[in-house]
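Descriptive structure summary
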Amino acid sequence: MTDMTDIVALDAASWAPALAADAQDLAVRTLEGGGVLVLPRLAFPLAADEQRFLSPRWSDGRAKNISFDRGKLKGARGSADELAALSRMVARFAAEASTLVTTLFPRYAPHVRRARTSFRPQPAVGRAVSWRKDDSRLHVDAFPSRPNQGERILRVFCNVSPDEDRVWRVGESFEAVARRFLPGVRRQIPGEARWLSALHVTKGLRSPYDHLMLGLHDGAKRDLAYQANCTQQVVRFAPGTTWLCFSDQVMHAAMSGQYMLEQTIDLPLTALYDRERSPLAILERLCGRALAAAR
Ligand SMILES: O=C(O)CCC(=O)C(=O)O
Ligand SMILES: [Fe+2]
């Protein structure tokens with residue numbers, strides 16, 4: 001096993017691709033093994049009257065992304081008609097992305113819970129943000145206000161720019177990251193999870209797993225020497241490319257690009273083909289104790 005993250009291309013050009021058994025196997029092994037699955041021929045075509053959405057002017061200026069969740073568009077500005085058309089575009093992507101996941105990974109199908117969809121009309125980098133929010137630093141996704149008890153964060157991305165690659169850096173394996181940063185994570189204070197929840201800082205209880213994931217996220221982002229020197233590779237996603245990964249497992253950093261659609265899917269551990277490869281299982285092995293209520 002090397003610590004380099006696998007980047008594997010799949011030659012599918014449909015959102016409901018018919019895959020041969022070996023390609024299906026490869027897709028599962030890549031994704032659950034902590035790799036990035038790339039579909040260079042799978043574009044999300046915009047209709048003629050949707051081309052106008054390729055502009056940063058649709059952002060309301062406060063949020064970085066326009067998000068769509070349970071039928072509601074947030075972070076966008078425009079007339080009611082324009083926002084309705086933008087919602088339809090994002091909703092169509094949400095449906096296609098879900099179809100892709102349930103087709104590529106039939107075992108996930110009954111468990112797929114669609115979380116938010118985002119449209120990102122702003123340049124990937126450039127806004128001044130704190131180091132903790134700086135997604136141009138390598139990190140695994142972990143959300144301070146949304147503990148997930150070890151559930152998986154599966155994301156489908158599509159570069160809808162007409163002419164610009166989206167460029168990521170992708171880092172080393174989750175286990176290597178965990179071994180390096182676990183020792184530096186501070187202990188959870190007794191009662192901390194309960195008061196964070198009571199104060200509505202978190203939605204639900206922050207489990208030991210969630211605490212450690214935030215610790216890995218912060219530990220890696222804070223460490224500039226690590227950012228510069230760790231095992232990593234640059235990956236370019238050309239216009240018209242779709243890619244998927246478990247972003248709670250893959251070390252990723254956005255370096256450049258503009259105009260991307262993204263679908264987040266929450267997936268319970270029971271959906272996985274191999275639970276033992278999940279961040280929860282890896283962290284529990286390294287810590288020698290249970291870190292979240294079994295799901
Ligand atoms: O904007 C991107 O390309 C990826 C940013 C990121 O870290 C994420 O979406 O989790
Ligand atoms: Fe991220």
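Everything here concerns the structure above.
The paragraphs below set out a description of the structure included in this document. This one's a predicted model, so the numbers in the text were calculated from it and none came from an experiment. (Residues numbered from 1 in each chain as written. Chains lettered and ligands numbered in written order. Predicted model: local features only at pLDDT ≥ 70, side-chain atom pairs only at ≥ 80, totals over all residues. Heavy atoms only, no water.)

1. Focus: the site of ligand 1
In the vicinity of ligand 1, the contacting residues are Arg120, Asp135, His139, Asp141, Arg155, Phe157, Arg166, Trp168, His252, Ala254 and Met260. A distance of 2.9 Å separates an oxygen atom of ligand 1 from a polar atom in the side chain of Arg120. His139 places a side-chain nitrogen or oxygen 3.0 Å from an oxygen atom of ligand 1. In isolation ligand 1 offers 290 Å² of accessible surface; the protein chains occlude 97% of this area. Every element with two or more residues in the shell around ligand 1 is listed here: strand 6 (152-159), strand 7 (166-170) and strand 10 (252-256). Looking at the shell around ligand 1 residue by residue, the classes come out as 4 nonpolar, 2 polar and 5 charged. (Near = heavy atom within 4 Å. Polar contact = N/O pair within 3.5 Å; in protein donor to acceptor, adjacent residues only side chain to side chain. Areas by Shrake-Rupley, 256 points an atom, 1.4 Å probe, with all protein chains shown as cover. Helix = DSSP H or I, 4+ residues; strand = E, 2+ residues; numbered from the N terminus. Nonpolar A, V, L, I, M, F, W, Y, C, P; charged D, E, K, R; others polar.)

2. Quick notes on the coordination of the iron ion (ligand 2)
Within the protein, the atoms that donate to the iron ion (ligand 2) are His139 (NE2), Asp141 (OD) and His252 (NE2), at distances of 2.1 Å. Counting along the primary sequence, the residues that act as donors to the iron ion (ligand 2) give the motif H-x1-D-x110-H. (Donors = N, O, S within 2.8 Å, 3.2 Å for Na, K, Ca; no water.)

3. Description of helix 1 (residues 21-32)
Here helix 1 spans 17 Å end to end across 12 residues, near enough to the 16 Å set by a 1.5 Å rise per residue. Restricting attention to buried positions, one finds in helix 1 the residues Ala23, Gln24, Ala27, Val28, Thr30, Leu31 and Glu32. Of the residues trailing helix 1, Gly34 is marked for its positive phi of about 90°. (Expected span 1.5 Å × (residues − 1). Buried < 20%, exposed > 50% of the residue type's maximum accessible area, 1.4 Å probe, protein only.)

Shape is all these values report; function is a separate question.
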